[in-house]
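Here is what each chain is made of, one letter per residue.
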Amino acid sequence: MACVLLFTRLLPFSHRLTRTSICLLSLLLSYLCYCALFPAETIMQKSGDPTPSCQRVLADGVKRRVQKSPSCVLPLDARPSSVEASRLRTDQRPPSTLRVDTPSPPMGNLKFGNKKLPNAIIVGVKKGGTRAVLEFIRIHPDVRAAGTETHFFDRNYDRGLEWYRGLMPRTLESQITMEKTPSYFVTKETPHRISAMSRDTKLIVVVRDPVTRAISDYTQTLSKTPDLPSFQDLAFRNQTLGIVDTSWNAIRIGLYALHLENWLRFFPLAQIHFVSGERLITDPAGELARVQDFLGLKRIVTDKHFYFNRTKGFPCLKKPESSGSPRCLGKSKGRTHVQIDRDAIEQLRDFYRPYNVKFYEMVGHDFKWE
């Protein structure tokens, strides 16, 4: 209609033409406008070849449609040649309806749960059996634990809680997040720092006869530093007088009562659970039952999970269904201790006795380290 009005204005003599002539000229003008706006090659592309939105050209020259609409179909003359078809033979669909859809992500890449700050921490003590407790309790389906010692509260505190959270495993709401760093128990600043994170954090301390623990500590250090001075030279300032060197870390760690006093300034005793390193060897299921009770977990880890390895002198986990062999702790666990002079051992027992008695009174349990 617009073309008719334009035509009548441009041709002053249109009044001389018949109505039929005007209509014919208007149709001709409309056709010319249409051809100018829509070139022939564009029309042919729409009717013959798939649009760029319906295809992509791969490195080998084969065109594949990527649009998911059923209307995006290659025409017969656009089907790949026999050579191209052989490259696509893995797809059983006809080339005329070949679709390239985005594959679903593999199940192994899906992430479940969230990284949370730990609900419970094994805070000590070194060479007491902390690794055993962690490995035993983490087979519980409601426990997830960081695999390595984070040393956040004693060495990396300036990195911040978000850095610490990033080291934790992903857990579901029903699961407990744990970590273990045995040096926490003897680090003065640690109790306050953990309390600042959460006063509800549950603490686990694995304790062991301090004399045996000191010898085990020395044995481990000696395996890494063969030229280490003798145990007696490090443990005593004057062995003849029975003066013990409490500045040596292997001796200082065993002063459990002194370290516990620092923890009780920030946490109630009921929030700290003590595991016997000796009973962990002789009755691992019994010790783990008490740990599960403390954490509020159902007793799932039981005696059916353990067997005693006579070679290592230590309990191991029985063969899991997903593994072909039993799971024992590393070769550093159950290492044969260095032989220490009996007089030195008795002197150390005399030294530790008052500290042990005080510790028994503080926790309300006699560990019988005599």
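In this text, all values refer to a predicted model and were calculated from it rather than measured experimentally. (Residues numbered from 1 in each chain as written. Predicted model: local features only at pLDDT ≥ 70, side-chain atom pairs only at ≥ 80, totals over all residues. Heavy atoms only, no water.)

Caption draft 1: How the structure looks around the pattern of salt bridges. One pass over the structure, following the stated rule, counts 14 salt bridges. Residue D293 is joined to R299 by a salt bridge in which the shortest nitrogen-to-oxygen separation is 2.4 Å. You can call D293 partly exposed: its relative accessible area is 42%. By relative accessible area, R299 is classed as partly exposed at 47%. In the salt-bridge network here, residues are joined through shared partners; they are K126, R213 and D217. (Salt bridge = Lys/Arg side-chain N within 4 Å of Asp/Glu carboxyl O. Buried < 20%, exposed > 50% of the residue type's maximum accessible area, 1.4 Å probe, protein only.)

Caption draft 2: Spatial organisation of helix α13 (residues 284-295). Over its 12 residues, α13 extends 16 Å from the first C-alpha to the last, a length consistent with the 16 Å expected when each residue adds 1.5 Å. The buried fraction of α13 is high, at 10 of 12 residues. Three or more residues of α13 are buried, namely P284, A285, G286, E287, L288, A289, V291, Q292, F294 and L295. Remark: G296 follows α13 within two positions and exhibits a positive phi of approximately 75°. (Helix = DSSP H or I, 4+ residues; strand = E, 2+ residues; numbered from the N terminus. Expected span 1.5 Å × (residues − 1).)

Caption draft 3: A look at helix α14 (residues 342-363). For α14, spanning 22 residues, the distance from its first C-alpha to its last is 30 Å, which sits close to the expected 32 Å at 1.5 Å a residue. Of all bends in α14, the biggest is about 40°, found at Y352, and the proline P354 comes one to four residues later. Looking only at α14, the buried set comprises A344, L348, R349, F351, Y352, N356, F359, Y360, M362 and V363. The residue sitting at the N-terminus of α14 and contributing the capping side-chain oxygen is D341; that oxygen lies 3.0 Å from the backbone nitrogen of D343. Within two residues after α14, G364 carries a phi angle of roughly 70°, on the positive side. (Bend = angle between axes of the 7 residues up to and from the residue. Polar contact = N/O pair within 3.5 Å; in protein donor to acceptor, adjacent residues only side chain to side chain.)

Caption draft 4: Highlighting the sheet that holds strand β4 (residues 120-124). The sheet built from five strands is open, its strands ordered β5-β7-β4-β8-β11 with parallel pairing. Both outer strands of the open sheet, β5 (143-145) and β11 (272-276), are each paired with one neighbouring strand and no more. Between one strand and the next, the sheet's axes are offset by a mean angle of 25°, whatever the strand orientation. Pairing of β4 with strand β7 (residues 176-180) involves three bridges; the strand directions are parallel. The residue of β7 that forms the bridge with I121 is E179. Relative to β11, helix α11 (residues 256-263) is tilted by about 160°, and along the sheet it contacts β4, β8 (202-207) and β11. (Pairing = 2+ DSSP bridges. Axes fitted to C-alpha atoms, helices over the stretch in contact; angles between N-to-C directions. Contact = heavy atoms within 4.5 Å.)

Caption draft 5: Expanded view of the environment of T177. Along the chain, the position of T177 falls in strand β7. Each C-alpha atom, one on T177 and one on N119, is 5.5 Å from the other, the two residues being 58 residues apart in sequence. In this structure, T177 is in contact with K116, L117, P118, N119, A120, R144, M168, P169 and T171, ignoring residues within four places of it in sequence.

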